Amino acid sequence: MVTPIAARAGAVPDAARREEGLLKIALASKQAKPRAVSPPTAWSKLYVPAAAPSSTVRMARELATLAATTELDDAPELNPGEIHRRTRLVLEHFGVTPEPPSQPLVADLHGRQSAAGLNARLPFFDPDGEFWRYATLVPAESTTAAKLRVYKDRDSKQDLDFEVQLSDGPKPAETLRARLLAAKTNSNAKPLTGLRIALDAGHMGGKMWPPRTGKFIRDGKTTLNEGDLNLQTSSLLAKRLRALGAEVLETRTSHDLVTPKQLEELDLVALGRADLRNRTTDRWFQGIVRRAENDAQLIAAFEESPQMKALFDESQRDNYLMGAVDLDARGKRLLAFRPDIALVLHYDVRIRSNTDHRINPTAPNATKSYVAGGFLEGELARSEDRIQIVRHLVDSGPWDASVQLSRSITGGLSAGLGLERETVHTSVATLVEPAVFARNLHLTRALSEVAFAYVEALYYNRTSEFRALTSTRGSQVIDGVRYAKRAVQVVDALEAGVVNFVKQYRDEPPPTPATPVADDNS
């Protein structure tokens, strides 16, 4: 069994802080009943009642401000069931459609995992203890198996989302393992024959996208765009893997987005509503829910909330396009391909702020990879998220294979490029073993039936790496594209990591992840 190492910097605190002098505001209970909404064209026309007295609007704004600028711990306690009722009321008022039934979506998970196996894996997936706020175990009886019940309502656990029957021991699906084992009959020249491998080159490149994504480093007149570097790495690696017999999908083969949608085509109302569902456990949202004295006050405060209005603001178009729509398109393309192995390819940075694009001589000389897990407080608000975490917990084979794949790849990068295996994370992630972290990212949680590695090959703003990746000394021109010597070395290591991972299945299945060494920084 793998023992988790604490490698998280702690929960991300709210930006809002208590403002002295703010008073708790109570709106008049005689306010009109909340209105049903129609698809909005502009927030100001839709959500602010034109006939509302100025005093009512003022008090609603003050309540929204109070929720945004004070700690949630200062809010009045409220019964969890009432919190769930109010949350549903707010979502309905703002036109968020109910989620579809979840039970049919987990029908294939019955009998795959034991209660003990689930609990053993949870430290990697639930470092904040959020899962059990939604779920409960029902012990086995003489005629029925144990069950995992997952609810829509956090803490009160009265509104059932879905349930999964457990077994007396782990029984993962054998599809992935069977395909990997079948590769052991392949020749040494074509060790990847019969396998489907998907590559996702992170971000976008060219001239237009790096200034919008912020994913670039500049030193003097020399600029290195991560999106371009990711694409180069993916393109060359795809050629290598095809030569070894694999069927390869590249989600991105140009500098542009994966999604065909354009910025002006986005439906801000639909995207804002989708984001609102995901925000229901945010502290500002819960602050309003817990402070409102009645339903009318509740709705009025949300209509005046700056955080609520921001979800539908024009300034969100870029964020929604790159952070939701495009990632969703990548995930769908990966899932449709049904890969056995999937690699998301990135290069990392160590920066002081999002506007810091300088080289950094103190950036780590290190590599790492992410696998699924690390769901934090507030990250199970949607049924989709709860289904995804249960899929990874219950069908354990692909997650074990993902850890092994990540170990093989980071091991190749470490040995081939002289990189350390990173063990300390500056953000929120759970260390599984050196260089392998569990983190809740869009693609790590979406792909649950494949051997998956979200690779951060090296820190490209480290001075020596920036110089190596932008140098023409020792560079190669491959199919008309010039590759820095260092970039070719990265591809060499990635190729070796994939091949070595597959070859471990020739004689026997790969071992379960070993218990990691103690971490002095934990």
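Residues numbered from 1 in each chain as written. Predicted model: local features only at pLDDT ≥ 70, side-chain atom pairs only at ≥ 80, totals over all residues. Heavy atoms only, no water.

### Observations regarding the overall build of the chain
Counting its secondary structure elements, the chain contains 17 helices and 15 strands. The buried share among the 522 residues of the chain stands at 52%. Counting only contacts in the chain whose residues sit at least 6 apart along the sequence, the fraction spanning at least 24 positions is 79%. Summed over its atoms, the accessible surface of the chain is roughly 23,300 Å², and 51% of this surface lies on carbon and sulfur atoms. (Helix = DSSP H or I, 4+ residues; strand = E, 2+ residues; numbered from the N terminus. Buried < 20%, exposed > 50% of the residue type's maximum accessible area, 1.4 Å probe, protein only. Contact = heavy atoms within 4.5 Å. Areas by Shrake-Rupley, 256 points an atom, 1.4 Å probe, with all protein chains shown as cover.)

### Focus on the nonpolar core
Counting residues in hydrophobic clusters, the biggest one holds 51 residues, and the most contacted among them are Leu192, Ile341, Leu343 and Leu413. At the level of elements, helix 5 (175–182), strand 4 (196–201), helix 7 (226–243), strand 8 (341–348), helix 14 (396–417), strand 13 (451–459), helix 16 (463–470) and helix 17 (485–503) are the ones that each hand at least two residues to this core. Counting residues in hydrophobic clusters, the runner-up holds 30 residues, among them Leu268, Val289, Met308 and Val325. (Core = buried A, V, L, I, M, F, W, Y, C linked by side-chain atoms within 4.5 Å.)

### Considerations on the pattern of salt bridges
Following the criterion strictly, the structure yields 42 salt bridges and no others. Put simply, Glu314 and Arg317 hold a salt bridge, and the shortest N to O gap is 2.7 Å. Taking the relative accessible area as the measure of exposure, Arg317 reaches 16% and is therefore buried. In this structure, Arg486 engages Glu465 in a salt bridge whose closest nitrogen and oxygen atoms are separated by 2.8 Å. Linking Arg486 in helix 17 with Glu465 in helix 16, this pair joins segments that are 21 residues apart in sequence. When sorted by exposure, Arg486 lands in the same class as Glu465, which is buried. Bridged by salt links that share partners, the residues Glu82, Arg85, Arg86 and Asp295 form one connected network. (Salt bridge = Lys/Arg side-chain N within 4 Å of Asp/Glu carboxyl O.)

### A short note on the sheet that holds strand 2 (residues 147–151)
Sheets are built from strands that pair by backbone hydrogen bonding, the pairs being arranged parallel or antiparallel. Taken in spatial order, the three strands line up as 1-2-3 in an open sheet, and their pairing is antiparallel. The open sheet has two edge strands with one neighbour each: strand 1 (135–138) and strand 3 (160–165). Each neighbouring strand pair of the sheet contributes to a mean axis angle of 20°, computed without reference to strand direction. When strand 2 meets strand 3, the two strands line up antiparallel, connected through five bridges. From the neighbouring strand, Val150 faces strand 3, where its bridge partner is Phe162. (Pairing = 2+ DSSP bridges. Axes fitted to C-alpha atoms, helices over the stretch in contact; angles between N-to-C directions.)

### Thoughts on the packing of helix 4 (residues 115–125) against helix 13 (residues 383–394)
Taken N-terminus to C-terminus, the directions of helix 4 and helix 13 make an angle of 130°; their axes are 9 Å apart at the nearest point. When the axes of helix 4 and helix 13 are compared, the pair comes out oblique. Crossing handedness for the pair helix 4 and helix 13: right-handed. On helix 13, the residues touching Leu118, Arg121, Leu122 and Phe125 of helix 4 are Ile389, His392 and Leu393. (Parallel < 35°, antiparallel > 145°, perpendicular 65-115°, else oblique. Left-handed = near helix turned anticlockwise from the far one by under 90°.)

### Looking at the packing of aromatic side chains
A full pass over the atoms with the stated rule returns nine aromatic pairs. Relative to Trp399, the ring of Phe124 has its centre 5.4 Å away and its plane inclined at 35°; by these criteria the two rings are tilted. Taken together, the residues span a long stretch of sequence, with Phe124 in helix 4 and Trp399 in helix 14 at a distance of 275 residues. Exposure class is identical for Phe124 and Trp399. Each is buried. An aromatic cluster is defined as three or more aromatic residues linked by ring pairs; in this entry it consists of Phe124, Phe125 and Trp399. Cation over ring: Arg196 sits above Phe337, and NZ or CZ is 4.3 Å from the ring centre. (Phe/Tyr/Trp six-rings, centres within 6.5 Å; stacked < 30°, edge-to-face > 60°. Lys NZ or Arg CZ within 6 Å of the ring centre and 35° of its normal.)

### Side note on helix 4
Burial in helix 4 covers these residues: Gly117, Leu118, Arg121, Leu122, Phe124 and Phe125. Angular distribution of buried residues about the axis of helix 4 spans 150°; they occupy a single face of the element. Buried residues along helix 4 sit in contact with strand 2, helix 13, helix 14, strand 11 (430–433) and strand 12 (436–438). (Arc of directions from axis to C-beta.)

### Some words on the environment of Leu393
Residue position: Leu393 is located in helix 13. Its relative accessible area of 0% is what places Leu393 among the buried residues. Measuring from C-alpha to C-alpha, the distance between Leu393 and Arg121 comes to 6.6 Å, with 272 residues separating the pair along the chain. For Leu393, the contacting residues outside a window of four places in its chain are Gln113, Leu118, Arg121, Leu122, Phe125 and Phe131.

### Observations regarding the environment of Thr470
Checked against the element boundaries, Thr470 lands in helix 16. Separated by 13 residues in the primary sequence, Thr470 and Tyr483 have C-alpha atoms spaced 9.2 Å apart. In contact with Thr470, other than residues within four places in its own chain, are Thr222 and Leu224. Here the side chain of Thr470 touches Phe466 through a polar contact of 2.7 Å, landing on its backbone oxygen. (Polar contact = N/O pair within 3.5 Å; in protein donor to acceptor, adjacent residues only side chain to side chain.)

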